[in-house]
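# Results of the structural survey
Read off the chains here:
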Amino acid sequence: MLVQLFQWIKRLSTGTSESEEGYSQSFSDEENDVGRWTFMSVFIVFTLSLYIVAGLGYYAKVHVWDGMSEAQKEAVAKAMVVDTQYL
């Protein structure tokens, strides 16, 4: 299923249909390497990056922040305020 998804993304970003693709096409053709960073590929990389950052933030919240006592949370909040005042 992932292979079909990647083929669909490739066809969408290059604008070719499956019948236009030559299955005997060499993968080392440098003339077909033009336009590698299309809007779709940049959008996919950006979306996956946001997904990874959100997942790491959720992991930190659940496994670190929720495991702290109220006194520890207050100390962290005060330290963050002091750090921003020095900036």
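Scope of this entry: the structure provided in the associated data block.

Cut-offs used in this document
- Residues numbered from 1 in each chain as written.
- Predicted model: local features only at pLDDT ≥ 70, side-chain atom pairs only at ≥ 80, totals over all residues.
- Heavy atoms only, no water.
- Helix = DSSP H or I, 4+ residues; strand = E, 2+ residues; numbered from the N terminus.
- Buried < 20%, exposed > 50% of the residue type's maximum accessible area, 1.4 Å probe, protein only.
- Areas by Shrake-Rupley, 256 points an atom, 1.4 Å probe, with all protein chains shown as cover.
- Salt bridge = Lys/Arg side-chain N within 4 Å of Asp/Glu carboxyl O.

Another point: the overall build of the protein. Secondary structure assignment for the protein yields 3 helices and 0 strands. Reading the secondary structure of the protein in the N-to-C direction produces α-α-α. Looking at the protein residue by residue over its 87 residues, the buried ones come to 3%. Carbon and sulfur atoms provide 66% of the accessible area of the protein, an area that totals close to 8,100 Å².

A full pass over the atoms with the stated rule returns 3 salt bridges. In this structure, Glu70 and Lys73 form a salt bridge, with 3.9 Å as the shortest nitrogen-oxygen distance. Of this pair, Glu70 and Lys73 both sit in helix 3 (residues 70-86), 3 residues apart, which is roughly one turn of the helix. Given the relative accessible area of 60%, Glu70 is considered exposed. According to the relative accessible area criterion, Lys73 is buried, its value standing at 18%. Between Lys78 and Glu74 there is a salt bridge, and its shortest N-O distance comes to 3.4 Å. Taken as a pair, Lys78 and Glu74 lie in helix 3 at a separation of 4 residues, close to a single helical turn. With a relative accessible area of 47%, Glu74 lands in the partly exposed category.

Spatial relationships are all this shows, so hold off on functional conclusions.
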